[in-house]
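An overview of the molecular structure
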Amino acid sequence: MKIVGVNEELCTLCGACETTCSTFYFKEDNRLKSAIQVHETDQDPGNVISVCNQCGKCIEVCPVEAISRNKKGIVLINKKTCVGCFNCVGVCPTGTMFWHEELVIPFKCIACARCTKECPTEAIFMTDVD
Amino acid sequence: MNSSVEKMRASRKELARYDYKPASIERGYSGKTLYINISDQTIKSKDVTDQMKDIFIGGKGFGLWYLWNAVQPETKWNDPENEIVISSGPVGGITQYPGSGKSLVVTLSPLTNSVMDSNVGGFFGPYLKFSGWDALEIQGKAEKDIVILIDGDKGTVTIEEIDFQPGASHLISEQLTEMLAENEKDKMHISVVSSGSGAEHTNVGILNFSFYDLRRKAARMKQAGRGGTGTVFRDKKIAALAVKYSSLTGRSNNPADPAKISKTGVKITREINKFDNEQFRMRQIGTANLMTPMNDYDLLPVHNFKYGSHPDAVKISSDVLRDRFTQNMPDGCWIGCSLSCCKAVDNFELKSGPFKGEKVIVDGPEYENAAGLGSNCGIFDPDYVIEANFYCDTYGLDTISTGTMIAFTMECYENNIINKEITGGLELNFGNAAAAMELIHQMGRGEGFGLIVGQGVRRMKQIFAEEYGADPSFLQDIGMENKGLEYSQYQAKESLAQQGGYAMTNKGPQHDEAWLIFMDMVNNQLPSFEKKAEALHYFPMFRTWFGLQGLCKLPWNDIVPEGNAQTDSPEKIPEHVQNYVDLFNAVTGKNIDKEEMIRQSERVYNFQRIFNLRLGFGTREHDAAPYRALGPVTVEEYESRAERYDKQLEEDVGINPAGLSIEEKIKAMRKYREERYETLLNVVYKRRGWTENGIPRPEFVRELGIDFPEVMEVINKYI
């Protein structure tokens, strides 16, 4: 499947990916509502890019079976079925099932590739994984 | 759809109907209660007043208040005036915090003849609220079996006759769910409350609350286990209740501050994900994780609470049970519970009874079932424990009382108090799984010796003394009941605080009020009477609070946050206490602190104590414990811990055990322990604001704001 790949060494924390994502999906430029988030750490590499790797751990714990894989292997949340319990947020091994205090349900990267087209350094890109 | 469900659907006969517009939920409350009198088929809506919310909060508080107003001092459990009240609570129904879907059942108990409350999972309470009802109040008695259906989607309440057999609770849940659902997904929107044939023949009937398990495609059940709520239900000829609500969202409870709820919920869910596997393994084993540590610490009830451990306990250990449970399933009894402790054994093939040869899902065994039905009866066979668990549930029998009742009969049998003639041929020696299983089937069928056992330990003591000439004082010593309710499955003998935690309870000896064994005995955190009294004030009040809100106690201390050991009071889990304060405030928009939280409970707890008084109970004499719960009754019991007891005699009692016979040592130990228990009552009563007779003092009752004229009238009789 095609997922968003990352090369954190190239990330400059410019935030273009966050703006692209939140503007498209939530109609506002708000990095906390972006399904890809970048931040600085004091470790190596200093800049971290958080984006779903489509591992599917969240599927197992959803009590209402609102999370599933589509034919391309991408993990999707059915917004009509989701009851906003955030169990998926709690178990996400990469911290990339996001939640926001204004939103009833969580959100995540669905590998739409929009952010990768806006990244000026190719720190994010679409990549094929098994 | 199978033919029996088609037949049920065709047979539906509406006896009464009430159409309503479901009230919108405001900050955790619908503001309405559904009252149904099944004698005359009245169905009406009652307002939930601000005073009710302020004083009684919800859940058990609402149940007690409605029941108080429904009954008289002389009302008995099987009078039509008695009610079954079911209510969740203001926090109940949120999906973001684990353990937030509980219902509280309140009624007069056939075991204690006084007020009973039982806390149960399943979807019913939250769906009831979101269908527009903070509480369901059922009064009266029907002439024929009826079903009450609440449809929160359509806004209808109906009382119906439906042609089906009400004997097996798992089938009732399954068939009614099937009958009411429009498709597979729709089953998730239904919850059924039912009992079984055992509830008709015994005093220990339970209510099973269903929750639909999407992955197993089955209506599973959680139990309102204690005190015979199912017996009242079947005596009223209620075959089932069902509620349907299909619009659940993360905002159904319409809280004042949803962001704070989400934040608190995400925090604890991450905590559970990070620490559960190294702490209590609730997601793997549920409460059965206690089997091994209880045996290791000599606290597992063995042979009717004689002993605290057994070499064969390893056969029903935590890990043995874990291997029987299906792993990696979201086993929450309410939607979104990340502690997920509601484990199940799948595809279990039954070896006995009416469903012999069928493969079933068994909900549990939880700790209480494995300890009560297993070790306490000397049965260390996991297959027996699982099968007995299944049949107790579907017959509608309380596994805790059933375990303690069978263990009692086994000790009586081994002491020749009862024999094969009396038991109808059952050789009730400790460890006889076949005989124990047959006894459970007899309770389910209403036959033979099962009819006597099913009346409970208190009645058995009377029967064995009056009809079979048994020594009443020995039966009093070994019959593990207090207030008429059987003890739950912890060995309290070596923990004075837990002895009080059990026998000073409002409803009878159930560990949901106070579980202090580890603090007191293992960790020695309560060395003085004052510290024990403080714990026996704080913890029963704190734990009462869960039952006011629609919450489960387990996510409070069955997961421990990082850094807890470094806090001022690690036993209270301060961070989690704050979580609950935050949740309450975030739902209701109020602004309580942890002190007001305890005050909320004190109001309801003391009201319940006074309710007991009103019904002729609730004084000091009713807080007496059978000696088996305080110390060694028999020679073999003393000998099993001779070193410990001899040391206590020497160091604590000031008696040199050398040269004394075992009987003399038992006597000296008994005098010491009974005196200590009486001292404990004195200090705890004082701390709780009660007189030496256990009566809440009038000035304290006024301070709490529960000084209604009829309440003061009750206590003034005792002052």
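A short tour of the structure in this document, coming up. Bear in mind the structure is a predicted one, so any value in this text is a computation, not a measurement.

Criteria and cut-off values
- Residues numbered from 1 in each chain as written.
- Chains lettered and ligands numbered in written order.
- Predicted model: local features only at pLDDT ≥ 70, side-chain atom pairs only at ≥ 80, totals over all residues.
- Heavy atoms only, no water.
- Helix = DSSP H or I, 4+ residues; strand = E, 2+ residues; numbered from the N terminus.
- Rg over C-alpha atoms; globule rule 2.2 N^0.38 Å.
- Buried < 20%, exposed > 50% of the residue type's maximum accessible area, 1.4 Å probe, protein only.
- Areas by Shrake-Rupley, 256 points an atom, 1.4 Å probe, with all protein chains shown as cover.
- Lys, Arg positive; Asp, Glu negative; His and termini not counted.
- Charge placed at Lys NZ, Arg CZ, Asp CG, Glu CD.
- Phe/Tyr/Trp six-rings, centres within 6.5 Å; stacked < 30°, edge-to-face > 60°.
- Polar contact = N/O pair within 3.5 Å; in protein donor to acceptor, adjacent residues only side chain to side chain.
- Salt bridge = Lys/Arg side-chain N within 4 Å of Asp/Glu carboxyl O.

**Here's the deal with the overall build of chain B**
Along the backbone of chain B there are 30 helices and 17 strands. Relative to the 2.2 N^0.38 estimate, which gives 27 Å for 719 residues, the radius of gyration of chain B is 24 Å and therefore close to what a compact globule would have. On the principal axes, the C-alpha backbone points of chain B span a range of 80 × 55 × 55 Å. Taking all 719 residues of chain B together, the buried fraction comes to 66%. Entry remark: accessible area of chain B is about 23800 Å², with carbon and sulfur atoms responsible for 45%. When the 82 positive and 100 negative side-chain charges of chain B are each reduced to one mean point, those points stand 4 Å apart.

**A word on the packing of aromatic side chains**
All names here are of chain B. Counted under the stated rule, the structure contains 47 aromatic pairs over all chains. Aromatic side chains tyrosine 538 and phenylalanine 539 sit 5.0 Å apart centroid to centroid with 90 degrees between the ring planes, which places their arrangement in the edge-to-face category. Assessed through its relative accessible area of 5%, phenylalanine 539 is described here as buried. Site record: aromatic cluster; members linked through ring pairs are Tyr97, Tyr538, Phe539, Phe542, Trp545, Phe546, Trp556, Tyr580 and Phe584.

**Quick notes on the side chain of asparagine 606 of chain B**
Mapped onto the elements, asparagine 606 of chain B comes out in helix α25 (residues 594-614). Of the polar contacts made by the side chain of asparagine 606 of chain B, one reaches the backbone oxygen of glutamate 602 of chain B; its length is 2.8 Å.

**A few points about helix α3 (residues 60-70) of chain B**
Since the α-helix packs 3.6 residues into each turn, any two residues three or four apart lie on the same face. Of all 11 residues that make up α3 of chain B, 10 are buried, and the element is covered over most of its length. Within the span of α3 of chain B, buried status applies to Lys60, Gly61, Phe62, Gly63, Leu64, Trp65, Tyr66, Leu67, Trp68 and Ala70 of chain B.

**A short note on the pattern of salt bridges**
Residue and element names in this part refer to chain B. If you walk through the whole model with that rule in mind, you get 64 salt bridges over all chains. A salt bridge links glutamate 534 to arginine 687; its shortest N-O distance comes to 2.7 Å. In this pair, glutamate 534 sits in helix α22 (residues 529-549) while arginine 687 sits in helix α28 (residues 662-688), placing the two residues 153 residues apart along the sequence. Within this structure, Asp213, Arg216, Arg220, Asp331, Lys343, Asp346 and Asp363 form a network of salt bridges that share partners.

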